[in-house]
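Residues per chain, in single letters:
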Amino acid sequence: MTTRLTVAQALVRFLAAQYTERDGVRQRLIGATWGIFGHGNVAGLGQALLEHAERMPFHQGRNEQAMVHAAVGYARQSNRLSTHAVTTSIGPGATNLVTGAALATINHLPVLLLPGDVFATRPADPVLQQLEVPYAGDVSVNDCLRPVSRYFDRITRPEALIPSALNAMRVLTDPVETGAVTLALPQDVQAEAYDWPEEFFAERTWTVRRPGPDPTELMDAVHTIRAAKRPLVVAGGGVHHSRAEEALAEFAEATGIPVASTQAGKGSLRHDHPQDVGGIGHTGTATADELARTADLVIGVGTRYTDFTTASGTLFAHPDVRFLNLNIAPFDGHKLAGQTLIADARSGLQELTDALRLHAHRVAGGYATEYTEDKERWEQRVDACYEVDEPDTRPTQPQVLGALDALVDESDILINAAGSLPGDLHKLWRTRSRDQYHLEYGYSCMGYEIPAAIGVKMAAPDRPVWALVGDGTYLMMPTEIVTAVQEGVAIKVLIIQNHGYASIGGLSESVGGERFGTAYRYPSEDGSYTGPPLPVDLAANAASLGMRVLRAKTVRDLREALAEARAADTPTCVYVETQTADTVSGAPPAQAWWDVPVAETATRPSAVKARELYERHVSTRRRHL
């Protein structure tokens, strides 16, 4: 039995019938479709989404990159078990997807991209917005998406959709392979009719696997842990993706092993858990980084070991340090020449805990006392950063976080991605729930926060969702404020105005760049941007896009505005201008190095001095073999 539909209509009907299942919980895989229509998709997928509106919810976006960010935010909040699709026209609509696709793939988060493409039948060549490639007739701008997609196909015939759509679902639901999936859809093929077998539209449930560890690897891992004197867990994003937080807590409590976290893994343990020692690496706490320097065994759980985590290969300094990597992906499990335990994070931790309990294994009391006391000292530093002596003065950035910290509870979700905030948050934020801390730091993409907040709020409609943005990030992509207003998605946007790229400005100064080109100020006579601040009013901009805006000039104002925003049931923005942090209330400096190469030859004293310091750090780098 067959049904005659266009390719686009068949695809929408197929997507509406796909489900995931894990731990007995079943949900739709593609919860909705985002779209901006143009001549590459308006007559195909646009018509199909209208035709099947009862099957597939639709959301109207303003920027294609932002639509991907919203879908990714939804997917992360949904534990990668559900995501959204994104459809665009050909040309710039399609190429605008590339940044979002890279972010999704780097962070192992599923999103389905459905860009329009040029005519498969080539009745007129070239068409509007077509890239002509003299050496290849089958290349379009959509090929830019190949390296940032985990699966890519171009559907040049209707019947080709069947195997391609199934492969797309396979990749989206694979915990190892998942990321951006792209089905490029030529605009003529989208509108072409075909007799589809009814079986193509049957409901399918894709089981998201929880593979357990190999018995031999498990036995070896137990032996390695028991032999270690100063073990340290590094919890990565895989802990959250697996919903392994409780299993990690049981492991830590049973063994006494301290747990440090990457940006993606923060919140794996609550901030007040006895074994939680905070963030690790360049943006980490002194407690975690000192433990890392003296650890003889590093147990990586669901981490990719990026250079921020390893301090560019300088952090794990014990002469005999070894790595034991529990990871569902063999590619990541073998990093740093690690001993592997290839398994789902929850399954692997549960079996490790059970096996270690048989030996009543626990770290020495002196080690536990050491990291407990160090943690208490760090908490005192956090208190000092948050402390406010004069509530009627302009706040520092850490004091802004302190005001928010005093307000929220475990239901709040904080979203950030770039600028100086990730460093302050990783060091200072006291995470209260497994999913409160939503930092996109795999790609650290400016502009992610506001659209991602919309996606997160759609996945968690009853929870307060905050997008924390600096002025630099805000100016990159405020467009989806219009979408939040249009759809009544009550996100809270906290705009922190510090007149420039504060994070890169600090980095520039540290590497001899003298903050060149990083301030939002008028240019001076010497060509540097050191004049007065620009007369840009971001609060007025947010208001012009339809958002309710609360301005805060002092710490007292800020506290009142944040409380009002948290209680609001409409999209609300809090705008605050910060002062330069001083030695009392500023965030602690980096506790570990990060490799940004410095000019090897220079005449300016700042660069010469920075190069000398750089060479000292480079000399401490290790290759763990």
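Residues numbered from 1 in each chain as written. Predicted model: local features only at pLDDT ≥ 70, side-chain atom pairs only at ≥ 80, totals over all residues. Heavy atoms only, no water.

1. Points about a negative patch on the surface
Keep this limit in mind: Patch definition: residues above 30% relative accessible area lacking any salt bridge, with like charges linked at up to 9 Å and the nonpolar side chains Val, Leu, Ile, Met, Phe, Trp and Tyr linked at up to 5 Å. Method for areas: the Shrake-Rupley scheme with a 1.4 Å probe, in which residue coverage is limited to the protein chains shown. Each salt bridge in this description consists of a side-chain nitrogen of Lys or Arg and a carboxyl oxygen of Asp or Glu lying within 4 Å of one another. We score Asp and Glu as negative and Lys and Arg as positive, and we do not count His or the chain ends. Where a charge lies is defined by one atom per residue type, namely NZ (Lys), CZ (Arg), CG (Asp) and CD (Glu). Helix and strand assignments come from DSSP, with helices taken as H or I runs of at least 4 residues and strands as E runs of at least 2, each series counted from the N terminus.
On the surface, a cluster of negative charge is made up of Glu-246, Glu-250, Glu-253, Glu-351 and Asp-354. Here Glu-250 shows up in helix 10 (residues 245-255).

2. What to know about the pattern of salt bridges
Once their charged atoms are close, side chains differing in charge can pair, the charge on each being opposite to the other. Stated formally: Exposure is judged per residue with a 1.4 Å probe applied to protein chains only, and the accessible area is read against the type maximum: over 50% gives exposed, under 20% gives buried, and values in between give partly exposed.
Throughout the structure, instances matching the rule amount to 37 salt bridges. For the salt bridge of Arg-293 with Glu-290, the shortest nitrogen-to-oxygen distance reads 2.7 Å. One end of the pair is Arg-293 and the other is Glu-290, both in helix 11 (residues 286-294) and 3 residues apart, which spans about a single turn. Judged by relative accessible area, Arg-293 falls into the partly exposed class, the value being 27%. Where Asp-383 meets Arg-430, a salt bridge forms, and the shortest distance between an N and an O atom there is 2.7 Å. Of the two residues, Asp-383 sits in helix 15 (residues 365-386) while Arg-430 sits in the loop between helix 17 (421-428) and strand 19 (437-439), which places them 47 residues apart along the sequence.

3. Some words on the sheet that holds strand 2 (residues 18-22)
Keep this limit in mind: Here the rule is simple: two strands pair whenever DSSP picks up at least two bridges between them. Angles shown run from 0 to 180 degrees and are taken between the N-to-C directions of axes, each axis being a line fitted to C-alpha atoms and, for helices, limited to the stretch in contact.
One open sheet holds the 3 strands; their spatial order is 3-2-11, and the pairing between them is mixed. The strands lining the two open edges of the sheet, one partner per strand, are strand 3 (25-28) and strand 11 (204-207). Taken over all neighbouring pairs, the strand axes of this sheet differ in orientation by 30° on average, direction set aside. Here strand 2 pairs with strand 11 via 4 bridges, running parallel. Residue Gln-18 lies in a different strand from strand 11, and its bridge partner there is Arg-204.

4. Comments concerning the sheet that holds strand 12 (residues 231-235)
The strand order across the open sheet built from 6 strands is 14-13-12-15-16-17, with neighbouring strands paired in parallel fashion. Single-partner strands in this sheet number two, and they are strand 14 (276-279) and strand 17 (339-342). Across the sheet, the mean angle from the axis of one strand to that of its neighbour is 20°, orientation sign disregarded.

5. A word on the environment of Gln-497
The condition is simple: Contacts are assigned to residue pairs with any non-hydrogen atoms lying within 4.5 Å of each other. Any pair of nitrogen or oxygen atoms within 3.5 Å is treated as a polar contact; in protein, a donor-acceptor pairing is required on top of that, and neighbouring residues in sequence qualify only through side-chain atoms on both sides.
By the secondary structure assignment, Gln-497 is in strand 21 (residues 492-497). Its relative accessible area of 4% is what places Gln-497 among the buried residues. Excluding residues that lie within four positions of it along the chain, Gln-497 makes contacts with Asp-471, Val-536, Leu-538, Tyr-575, Val-576, Glu-577 and Thr-578. Of the polar contacts made by the side chain of Gln-497, one reaches the backbone nitrogen of His-499; its length is 2.9 Å.

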